[in-house]
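Residues per chain are reported as follows:
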Amino acid sequence: MSAINIQRLIPSLLIWALLLSAPFWLPMVGGYTVLGTRVLIFALVTLGLNLLLGFTGGLSFGHAAYFGLGAYGTGLMLKFVSGSTPLAILVGVLVGGLAATLLGPLTVRRKGIYFAMITIAIGQMFYFIAVRWNNLTGGEDGLTGFSRTNIHFGSWILDIHNPVNFYYFTLFFFAVGCAVVWTVLHSPLGHTFVAIRENPRRLRFLGLPIGVYIWIAFAISGFVAALAGSMYALLNNFTSPEDMNWILSGDFVIICVLGGMRTFWGPLVGSVIYVVVQDYLSSITVNWMSFIGAIFVLSVLFFPWGLLGFFQGRFKK
């Protein structure tokens, strides 16, 4: 392995070292384990969104729908069908991911702002279904009456009620999401996504079905978002229509922009900023969203490629 490749691996190794040791150093800096778990979940969903937004160029304001469907699929499975946590996660991922796959062709028919508007419309459709279907979803009160259950490996039991154990449980699925997105981005398919973002007209001239590739990116990002939603439902033992609202989708976009849309670790950096600032400011003032908005505006003005994109650019220079 060359020295250049080793230098490129160092930041990733440092990030994984910090994530693996987070339950030990978070209390030393005034944090707590559940906060780290929330960072991982938001980083996971925005990792999937970034595949579509940052690397393919499709702006989606409806990804909270697939996040929420993953949460509802997991919660409903635990409440009404089976107490198996792995099975509930699988169902949640399939519900959200298949919804994104089936609805993808409707979104990729339009470009630019029209693409974003369709994603909002589809997301709000699921939101209002969750609000109105009281008998199944609990309506505006949300879905309660379920909780994550321990996982049995023969005679050994993984107690995921323990916050530290659940953090590492979430970190495992975050690693799975990272592996999927990393593999896609470093494959010919991923290079095609980037080419679509950079020059879609040229690819159309070459005869590539751009809509099909955007659909694939949309579907993959939907599955990753659903996995994050499933973990969010398990974290809170609760889910509500607000987990599908377009406002949450906007928060996901903000996280991507803050961290750096065209970088792999940008969603994680953005999630750290967003979740930590939200947690701290919400304990001080009810107007914490105003500060988030101010941070977002400053980021767009002074760091148009996000914080990680800015530092990567400086490093290359």
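As a starting point, this report considers the structure included with it. Residue positions within a chain follow its written sequence, with the count starting from 1. Given that the model is predicted, a residue must reach a pLDDT of at least 70 before its local features are reported, and side-chain atom pairs must reach 80 or more before they are shown or counted; all residues, however, enter totals for whole chains, interfaces and linings. The side-chain values count all of the structure's non-hydrogen atoms but skip hydrogen atoms and water molecules.

1. Structural notes on a nonpolar patch on the surface
A patch is a set of surface residues, each over 30% in relative accessible area and not in a salt bridge, joined within 9 Å for like charges and within 5 Å for the nonpolar side chains Val, Leu, Ile, Met, Phe, Trp and Tyr. Surface accessibility in these figures is a Shrake-Rupley result with a 1.4 Å probe; residues are shielded only by whichever protein chains are displayed. The salt bridge definition used is simple: a Lys or Arg side-chain nitrogen within 4 Å of an Asp or Glu carboxyl oxygen. Side chains of L87, L90, L94, L98 and L102 sit close together on the surface and give an oily, nonpolar patch of about 460 Å² of accessible area. Position of L94 among the secondary structure elements: in helix α4 (residues 85-107). Relative accessibility under 20% of the residue-type maximum defines a buried residue, over 50% an exposed one, and the middle range a partly exposed one, all with a 1.4 Å probe and only protein chains included. The class of L94 is partly exposed, set by a relative accessible area of 38%. Think of it this way: any DSSP run of H or I at least four residues long counts as a helix, any run of E at least two long counts as a strand, and we number them from the N terminus.

2. As for the side chain of S230
Relative to the assigned elements, S230 resides in helix α10 (residues 210-236). For S230, a relative accessible area of 0% gives the class buried. When residues no more than four places from it in sequence are discounted, the contact partners of S230 are G70, A71, T74, A88 and I89. Only heavy atoms enter the contact rule, under which two residues are in contact if any of them lie within 4.5 Å.

3. Digging into the pattern of salt bridges
Under the defined criterion, the tally for this structure stands at two salt bridges. Between E198 and R197 there is a salt bridge; the shortest N-O distance is 2.6 Å. When the shortest N-O distance is used, the salt bridge between R262 and E198 registers 3.7 Å. Here R262, found in the loop between α11 (246-259) and α12 (266-282), pairs with E198, found in helix α8 (residues 188-198); they are 64 residues apart in sequence, far enough to count as distant. Since its relative accessible area comes to 47%, E198 is described here as partly exposed. The network of salt bridges with common partners includes R197, E198 and R262.

4. Here we look at the nonpolar core
Formed by 90 residues in total, the largest nonpolar core has its most connected members in Y66, F169 and F174. In terms of residue count, α10 provides more of this core than any other element does, 14 residues in total. Residues contacting F174, with those up to four places away along its chain left out, are W16, L19, L40, A43, L44, W265 and L268. Buried residues of nine kinds, namely Ala, Val, Leu, Ile, Met, Phe, Trp, Tyr and Cys, make up a nonpolar core once their side-chain atoms join them within 4.5 Å.

5. A closer look at helix α13 (residues 288-302)
Along its 15 residues, α13 runs 21 Å from first to last C-alpha, staying within 8% of the 21 Å computed at 1.5 Å per residue. Three or more residues of α13 are buried, namely W288, I292 and S299. Summarising the axial view, the buried residues of α13 lie within an arc of 45 degrees, below the 170-degree limit, and thus occupy one face. Turned more than 90 degrees off the buried face of α13, the exposed positions are S290, L301 and F302. Against α11 and α12 lie the buried residues of α13. By this rule, a helix spans an expected 1.5 Å times one less than how many residues it contains. Picture the helix axis, draw a direction to every C-beta atom, and the arc is the one those directions span.

6. A closer look at α11
Taking 1.5 Å per residue, 14 residues should reach 20 Å; α11 reaches 20 Å between its end C-alpha atoms and fits that length. With twelve of its 14 residues buried, α11 lies for the most part within the structure. All of the buried residues in α11 are L248, S249, G250, D251, F252, V253, I254, I255, C256, V257, L258 and G259. G260, located one to two residues past α11, shows a positive phi value of around 130 degrees.

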